[in-house]
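Take a look at the letters that make up each chain.
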Amino acid sequence: MSPLSPLVGQHLEYVRLGDALVLSFSRGSQILIETAAHLTTPDAYTRLLPGDDSSDALASLLGDVVSTAQTADDGELTITFGAGYELRVTPDPELESWAFTNPDGPLIVCLPGGELAFWANTRASTTPNAG
């Protein structure tokens, strides 16, 4: 089972823009994006950057349901939505690219260079486990 499988079936409820893009979902999961993301829709391709006004592109995702959520061996995050949209975040060599939180755990962080760090239960532990 993918560590991001709890995200599947959740609806995107809101997006917060700022120094990071924060996507919040219906059952309390969140994706925090601190580097460039890429949104592919049936009609367009958009590069999203924290701090930029990405609200128009991200607004099209509000209310949509997550179809798949997965990570690649290199740390790339890919989320597909019911309407056929795909959000992709590639690892950054110098920054933490993205993080996934879920009320029941795990916390997953894409470290600089793409290595993933896992915290099995964010309420009980602050020590990362190799994933």
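Residues numbered from 1 in each chain as written. Predicted model: local features only at pLDDT ≥ 70, side-chain atom pairs only at ≥ 80, totals over all residues. Heavy atoms only, no water.

Examining the pairing of strand β5 (residues 45–48)
In step 1: Direction of pairing for strand β4 (residues 37–40) relative to β5: antiparallel, over a ladder of 4 bridges. Bridge assignment links Leu-39 to a residue of β5, and that residue is Thr-46.
In step 2: The antiparallel pairing of β4 with β5 creates a hairpin that spans 4 residues between the two strands. (Pairing = 2+ DSSP bridges. Helix = DSSP H or I, 4+ residues; strand = E, 2+ residues; numbered from the N terminus.)

With respect to the pattern of salt bridges
In step 1: Summed over the entire model, instances satisfying the criterion amount to 2 salt bridges.
In step 2: Across the pair Arg-88 and Glu-76 runs a salt bridge whose closest N-O atoms are separated by 2.8 Å. With Arg-88 in strand β8 (residues 86–89) and Glu-76 in the loop between β6 (66–71) and β7 (77–81), this pair connects stretches of sequence that are 12 residues apart.
In step 3: A relative accessible area of 28% places Arg-88 in the partly exposed class.
In step 4: For Arg-88, the salt bridge goes to Glu-86, with nearest N and O atoms at 3.0 Å.
In step 5: Residue Glu-86 is classed as partly exposed on the basis of its relative accessible area, which comes to 22%. (Salt bridge = Lys/Arg side-chain N within 4 Å of Asp/Glu carboxyl O. Buried < 20%, exposed > 50% of the residue type's maximum accessible area, 1.4 Å probe, protein only.)

Considerations on the sheet that holds β4
In step 1: The 5 strands lie next to each other as β5-β4-β8-β7-β6, forming an open sheet whose pairing is antiparallel. At either margin of the open sheet sits one strand with a lone partner, and together these are β5 and β6. Neighbour-to-neighbour, the strand axes of the sheet open up by a mean angle of 15°, direction not taken into account. (Axes fitted to C-alpha atoms, helices over the stretch in contact; angles between N-to-C directions.)

Structural notes on the confidence of the model for the protein
In step 1: This prediction gives the protein a mean pLDDT of 87; 88% of its residues lie at or above 70.
In step 2: The low-confidence segment residues 124–131, where pLDDT is below 50, has 13 contacts with residues more than four positions distant or belonging to other chains. (pLDDT = per-residue confidence, 0-100. Contact = heavy atoms within 4.5 Å.)

So, the environment of Gly-82
In step 1: Relative to the assigned elements, Gly-82 resides in the loop between β7 and β8.
In step 2: Considering only alpha carbons, one finds Gly-82 and Leu-61, 21 residues apart in sequence, at a separation of 9.4 Å.
In step 3: Contact partners of Gly-82, with chain neighbours within four places excluded, come to Asp-64, Val-65 and Ser-67.

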